[in-house]
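Chain by chain, the residues run as shown.
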Number of protein chains: 2
Amino acid sequence: MTDVPWVSIPAGSGFGIENLPYGVFSLPGELPRVGVAIGNHVLDLAGLAAEGLVDDRRWFASGSLNGFMAAGRAAWEANRARIIELLTIETYRERVEPHLIPLDQVELARPFDVADYVDFYSSIHHAANVGRIFRPHADPLPPNWRHLPVGYHGRAGTVQVSGTPVYRPWGQRRETPEQEPSYGPSRRLDFEAEIGFVAGMPSAPGHPLPTSAFRDHIFGFVLVNDWSARDIQAWESQPLGPFLSKSFATSISPWVVPVAALEAARVAPPTQDPPVLPYLRCDEPWGLDVTVEILLNGQVISRPPFASMYWTSPQQLAHATVGGAPLRTGDLFASGTVSGPERDQRGCLLELTWGGTEPIELADGTRRTFLEDGDTVTIRAFAPTAGGGRLSLGEVTGTVHPSPAFPSEVPGAILGSAGTPET
Amino acid sequence: MTDVPWVSIPAGSGFGIENLPYGVFSLPGELPRVGVAIGNHVLDLAGLAAEGLVDDRRWFASGSLNGFMAAGRAAWEANRARIIELLTIETYRERVEPHLIPLDQVELARPFDVADYVDFYSSIHHAANVGRIFRPHADPLPPNWRHLPVGYHGRAGTVQVSGTPVYRPWGQRRETPEQEPSYGPSRRLDFEAEIGFVAGMPSAPGHPLPTSAFRDHIFGFVLVNDWSARDIQAWESQPLGPFLSKSFATSISPWVVPVAALEAARVAPPTQDPPVLPYLRCDEPWGLDVTVEILLNGQVISRPPFASMYWTSPQQLAHATVGGAPLRTGDLFASGTVSGPERDQRGCLLELTWGGTEPIELADGTRRTFLEDGDTVTIRAFAPTAGGGRLSLGEVTGTVHPSPAFPSEVPGAILGSAGTPET
C-alpha cells in the first residue's frame, strides 16, 4: 500500500492507513456511533454518511457494529477502500477533516453485541503446561487435542469492553480433596491473554462452513482477556467444563481490526501431526505473526507469540460449524490462552507462576502468584504491515475490584451466610 | 381459584384458567404477536391492547416475549389478574371474544429471544446413571455434585421452537481408544427431556441473587429437549465439557408457563445431604410435582418425575449468579435431563438403553438404541392445579432429519473430504 494519508499519524501509533480498525465511540452527551481509528483520531463514519461521503444503510449511526458486520464482505471491502480514498486524496481533506475527532475526547463502547461466545484452547504450549501442572504423571495433552480444536461455550452476557471494572467473583472452592468446599472470594484470580474473531455474515443451519469461507464470514479480530478463577474452576469443572470460573467477566478491546488488515501478518502455522481430518484442512497459511504483550500494573510480564498457535482461526470456524450450528452476526470466537514455548511467553499466571508455586516478582518489589484487588492487567498486540511497519490491535485492560456486593470482605474469610463473613 | 371462564375449555386441555401460558403466534400473512393459551384458543393480547383492555407498553405487538418479560413481576401479576377478569366476567365477553383465535389457525414461534443458555445436571438419578455407564468402577457422582448444581453454558443461537426440524449433526467421533477418530454423521443421537426457566427481570453485575429472588426475576417455565450426540460428546468433552455434541439444536416448547401457575405444584424437594452452603439454602419448598412424558414416534417410553430433581430452580438461579454474572432478560436455564429412580423414568436413550447395550422395543416391532432419521421425539408435562385439576406445560417435539448439507449420506460411511463420503 503506497497511499499516504494527509492526516498526521504519530510514529508508533499502530493506527496507520493499513489498519483502520472499527469501533463504537461517543462524545459527551451524544449517542454512540461507528468510527474508524486513524492515528490519534477517530473518523466519524456516521458524520461522513450524513454528508453522503460513504455508502451507508443505517450501519453507522448505531451503538454497535452488528448492522455493518452483517452486510458482508463486499460491503466491508468497499467501505475500507473508500475510507482509504477519503484519507489519502488531498481533495477530500476539507470535507473529511471535520469528522476527525481526537481519540482523547471520545468514550469507546463495546464494539458489537455478542451473540454466542466460544472459547477455544488452541495453544499447544498452554494446553501442555496446564496438563503438566494438573496431571504431572499423565500425558499432558488429552487424546483429542491434536485431532480437533477443543472449545466450549462461554457467557456472552458478560463480555465487556476494555476498561470496565472486573469484580472478583465469589464462589465455591475446595483447597484439598480432604477438605469440605467453602464459599468466598476467589483466591486464585487469573487473566488469559487471547485473540478472538467476530462473525459478520451469518450462515444457514445445517450447512457447515469450510476453512475457505473464513474471509466471507469473519469481520475482524479483537484482543480478549478471559478472566479466570482457578480455584472455582478446579472444583466446578467435572464433568461438564468451566462455568462460573469464567462467566463473571470477559474483556475485549474496543477496536475490531479487519481481517484484511492482517493479510501481511499471515505465516505458515506449526505443522500439525497427525494430519487433520479433511474438514479441518486449510489451503492457505493462516498462522498470524502477532506479538502479544501482557502488562501487570504497567510492567511487561510476558510476550506470547500468536504465530505459535497450533490451531488456526479458519480451522476453529470450520470446527465450530461442522455440526450444523449456524453462525450469527456477533458470534465471538476466542483463541484460548496464547502461550509460546518459552517461560516469558506464557499467557496466564497459572503458567507464569506454575500453579502458584513460583511467584513472579514485580518492579515495585511485590510478588504475585495470582491477581490482587487493585491490580491492572493490560494486553496489547502488534502485527507487521505490508509496508514494513507495524499495526496495533489496540489494547484490552481491566482492573480488579472487590465484589460490590461484599465490599468489606475480609481476605481469606469463610462465609457463614451470603454477605456475612465468618472470620 | 373459583373463577369459571365463559370460554369453553375441553376436558383434559390442560390450558385452563389456572394456567394461562404466554407465547408468540402469527396468523397467515400477519406479523407475530403475543398471546395467551386458553382451551383450544389463543387470546390475542395485542388485539386486547389495541382496544385498551389490557395495560401495554409496546409489550404485545411483538415477535418475542422479551419486552413483557423485562417489565417485572408487578406487571406479570397485574396482567395475569386482568386476563382472569376478562375471561371470567361475563360482561367482558362481547369485547374479548373477537380476540380468541382457534389454536389450529395459528403458527407458534419461539416465544422469546434467548440471551445466554445454561444447562444444569441436576437429577441425581441421571447423573448417577451416566456415571455408572461411563465409569463403572468409580463413584458414579463427581465429588462436587452434592455441593453445587453442576452446569455449563450451551449455545443460545440454536435454541429453536418445537416442531423445527432437527438435523443430525456430523462431526468427529472415535469408536474405541485404539482407533483413529473419524468424521461423519453422529451414530448415537439422543434426546434429553428437561424443564427450563427463563429470566425476565435483569440483575446488576456483581450482585448475586439469593434463592428468595426467584419469583422477582424468573418469568416462567418451558419444556426443553437438549438433543445430544453421544459419540461426539464422548470424544470432544475432555477437558472443557460438551461443545458440538449439544450445540446443533435445543428445542423448547412454545408456551411459557408463568411461575405463578405452578404454585400449586410446589412440593418438598429430596433431602440434600450433606447440607448445602448458605447461599444455596432455600426457605421455601421448590420441588415441582411435574410429571414428564417422553414419546418416541407417538409411543410413551418414559415418565420422569420432575419432583425427584436434587437441585431446585431457585438454587440453580442462586448458583448461576453467585460469581457476579448478571442476569439478562431471556436467559434460559435448563434443568438437565430429568430421570427418576425407576427404569421407565429415565430421561434419555443413553440411560434407557444403558449406553446402547439394551435396545428398547417399539410398538411397530422395531428397536432403538439411539435415534434414527425420521424419528419424532415429543416431550410433554403436567402439573396439579389448586382446583384439583391438572395443567399442561404443552409439548416440545422434533423430528430427526439427515443433514441438508449431506442429504445423500451413506449411513456409517467415513468421509474422505467434506461432502464426499468414502465408502
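Residues numbered from 1 in each chain as written. Chains lettered and ligands numbered in written order. Predicted model: local features only at pLDDT ≥ 70, side-chain atom pairs only at ≥ 80, totals over all residues. Heavy atoms only, no water.

Q: Describe in detail the overall build of chain A, supporting the description with residues and values.
A: Looking only at helices and strands, chain A has 10 helices and 28 strands in total. On C-alpha atoms alone, chain A measures out to a radius of gyration of 22 Å, which is about the 22 Å that the 2.2 N^0.38 rule sets for 423 residues. Viewed in the frame of its principal axes, chain A has a C-alpha envelope of about 75 × 50 × 40 Å. By the burial criterion, 62% of the 423 residues in chain A qualify as buried. Within chain A, residue pairs in contact and separated by at least 24 positions form 72% of the contacts whose partners lie at least 6 positions apart. (Helix = DSSP H or I, 4+ residues; strand = E, 2+ residues; numbered from the N terminus. Rg over C-alpha atoms; globule rule 2.2 N^0.38 Å. Buried < 20%, exposed > 50% of the residue type's maximum accessible area, 1.4 Å probe, protein only. Contact = heavy atoms within 4.5 Å.)

Q: Please set out the layout of surface pockets residue by residue, giving values where relevant.
A: Residues and elements named next belong to chain B. Of the voids in this model, the largest pocket is the one considered here, and its volume is about 1,100 Å³. The wall of the largest pocket is formed by 42 residues, among which Phe 134, Gln 233, Ala 234, Trp 235 and Ser 237 lie closest to the centre. Within the residue set of the lining of the largest pocket, elements represented by two or more residues are strand S6 (117-120), helix H5 (124-134) and helix H7 (230-236). Looking at the lining of the largest pocket element by element, the count peaks at five residues for H7. A class-by-class count of the residues in the lining of the largest pocket yields 19 nonpolar, 10 polar and 13 charged. Of the pockets and cavities examined, the second largest pocket occupies roughly 630 Å³. (1 Å grid on protein atoms, 1.4 Å probe; cavity = no way out; pocket = protein on both sides within 12 Å on 5 of 7 lines; lining within 4 Å. Points joined across faces, edges and corners; volume = space filled by probe spheres on them. Nonpolar A, V, L, I, M, F, W, Y, C, P; charged D, E, K, R; others polar.)

Q: Quick rundown of the side chain of Asn 144 of chain A? Include the residues and the values.
A: As for its placement among the helices and strands, Asn 144 of chain A is situated in the loop between helix H5 (124-134) and strand S7 (151-154). You can call Asn 144 of chain A buried: its relative accessible area is 1%. Of note is the side chain of Asn 144 of chain A, whose polar atom sits 2.9 Å from the backbone oxygen of Gln 238 of chain B. For Asn 144 of chain A, the contacting residues outside a window of four places in its chain are Val 150 of chain A together with Trp 235, Glu 236, Ser 237 and Gln 238 of chain B. (Polar contact = N/O pair within 3.5 Å; in protein donor to acceptor, adjacent residues only side chain to side chain.)

Q: Please provide a residue-by-residue account of the interface of chain A and chain B, values included.
A: When the parts come together, some accessible area is lost, and that loss is often what is quoted as the size of the interface. Listed per partner, the contact involves 65 residues of chain A and 65 residues of chain B. The junction of chain A with chain B conceals about 5,500 Å² of combined surface from both sides, 63% of it contributed by carbon and sulfur atoms. Our enumeration of links across chain A and chain B arrives at two salt bridges. If you list the elements that add at least two residues to the side of chain A that touches chain B, you get strand S6 (117-120), S7, strand S10 (170-173), strand S11 (182-185), helix H7 (230-236), helix H8 (244-247), helix H9 (313-321) and strand S27 (414-417) of chain A. Ranked by residues supplied to the side of chain A that touches chain B, first place goes to S7 of chain A with four residues. (Buried area = accessible area lost by both parts, 1.4 Å probe. Salt bridge = Lys/Arg side-chain N within 4 Å of Asp/Glu carboxyl O.)

Q: Mind laying out the UniProt feature "binding site: Mg(2+)" (unreviewed entry) in chain A, listing which residues take part and the relevant values?
A: Residues and elements named next belong to chain A. When the UniProt feature table is mapped onto this chain numbering, "binding site: Mg(2+)" (unreviewed entry) sits at Asp 226, Lys 246 and Thr 250. Judged by maximum C-alpha separation, these annotated positions cover 25 residues in sequence but sit close together in space, the widest gap being only 7.6 Å. Checked against the lining of the second largest pocket, the annotated residues reduce to Lys 246. Position of Asp 226 relative to the elements: it lies in the loop between strand S14 (218-225) and strand S15 (228-229). (UniProt positions renumbered as here; feature names shortened; annotations may be inferred.)

Q: So what's going on with the relation of the copies chain A and chain B? Residues and values would help.
A: Each copy of the sequence occupies a distinct position, and chain A is placed on chain B by a rotation of 180° and an axial shift of 0.0 Å, giving an RMSD of 0.0 Å. Classification of the inter-copy transformation places it as that of a two-fold axis. Using C-alpha coordinates, one finds that chain A approaches the rotation axis most closely at Gly 241 of chain A, a distance of 2.1 Å. Counting the interface residues of chain A, we find that 100% of their copies in chain B are interface residues as well, pointing to one common contact surface. (Least-squares fit on C-alpha atoms with pLDDT ≥ 70 in both.)

Q: Tell me about the domain arrangement of chain A, and please be specific about residues and values.
A: Residue and element names in this part refer to chain A. Here chain A is described as being made up of domain 1 (22-109) and domain 2 (117-405). Using only C-alpha atoms to locate each centre, domain 1 and domain 2 end up separated by 29 Å. Each partner contributes to the interface: domain 1 provides 19 residues, whereas domain 2 provides 18 residues. When domain 1 packs against domain 2, close to 1,500 Å² is buried across both sides, 71% of that on carbon and sulfur atoms. When the buried surface of domain 1 facing domain 2 is broken down by residue, Tyr 22, Met 69 and Trp 76 rank first, second and third, together holding 37% of it. Linking domain 1 to domain 2 there are one salt bridge. Taken together, the connections running from domain 1 to domain 2 amount to two residue pairs in polar contact (both at pLDDT 80 or more). Counting only elements with at least two residues in the side of domain 1 that touches domain 2, the list comes to strand S1 (22-26), strand S2 (33-38), helix H2 (66-70), helix H3 (73-88) and strand S5 (107-109). (Domains from an automatic or database assignment.)

Q: Which residues make up the environment of Trp 59 of chain B, and what values go with them?
A: Residues and elements named next belong to chain B. Tracing the backbone shows Trp 59 in the loop between helix H1 (45-50) and helix H2 (66-70). For Trp 59, a relative accessible area of 8% gives the class buried. Placed 346 residues apart in sequence, Trp 59 and Ala 405 show a C-alpha to C-alpha distance of 38 Å. Those residues in contact with Trp 59 that sit more than four places away from it in its chain are Val 34, Ser 64, Gly 67, Phe 68, Ala 71 and Ala 75.

Q: Got a sec to walk through the packing of aromatic side chains? Specific residues and values, please.
A: According to the stated counting rule, one finds 38 aromatic pairs over all chains in the structure shown. Ring geometry for Phe 68 of chain A and Phe 219 of chain A: centres 5.8 Å apart, planes at 85°, overall edge-to-face. Placement of Phe 68 of chain A in helix H2 and of Phe 219 of chain A in strand S14 is noted, with a sequence separation of 151 residues between them. For Phe 68 of chain A, a relative accessible area of 0% corresponds to the buried category. Consider the rings of Trp 145 of chain A and Tyr 310 of chain A, whose centres lie 5.2 Å apart with planes at 50°: the pair is tilted. On the criterion of sequence distance, the pair formed by Trp 145 of chain A in the loop between H5 and S7 and Tyr 310 of chain A in the loop between strand S21 (299-302) and H9 is long-range, its members being 165 residues apart. Tyr 310 of chain A matches Trp 145 of chain A in its accessibility class, with the two residues each being buried. An aromatic cluster is present here, built from Phe 120, Phe 197, Phe 214, Phe 221, Trp 286 and Phe 333 of chain A together with Phe 243 of chain B joined pairwise through their rings. Cation over ring: Arg 390 of chain A sits above Phe 382 of chain A, and NZ or CZ is 3.7 Å from the ring centre. (Phe/Tyr/Trp six-rings, centres within 6.5 Å; stacked < 30°, edge-to-face > 60°. Lys NZ or Arg CZ within 6 Å of the ring centre and 35° of its normal.)

Q: Help me get a handle on the sheet that holds S2 of chain A, residues and values and all.
A: Strands in a sheet are paired, the pairing made by backbone hydrogen bonds, and the direction either parallel or antiparallel. Residues and elements named next belong to chain A. Pairing within the open sheet is antiparallel, and its five strands lie in the order S4-S3-S2-S1-S5. Each edge of the open sheet is held by one strand with a lone partner, namely strand S4 (100-102) and S5. Strand after strand, the sheet turns through a mean of 50° between neighbouring axes, direction not considered. Across three bridges, S1 lies against S5 in antiparallel orientation. Directly across from Phe 25, in S5, lies its bridge partner Leu 108. Across the sheet, H3 lies against S1, S2 and strand S3 (41-44), angled at about 65° from S1, the strand it touches most. (Pairing = 2+ DSSP bridges. Axes fitted to C-alpha atoms, helices over the stretch in contact; angles between N-to-C directions.)

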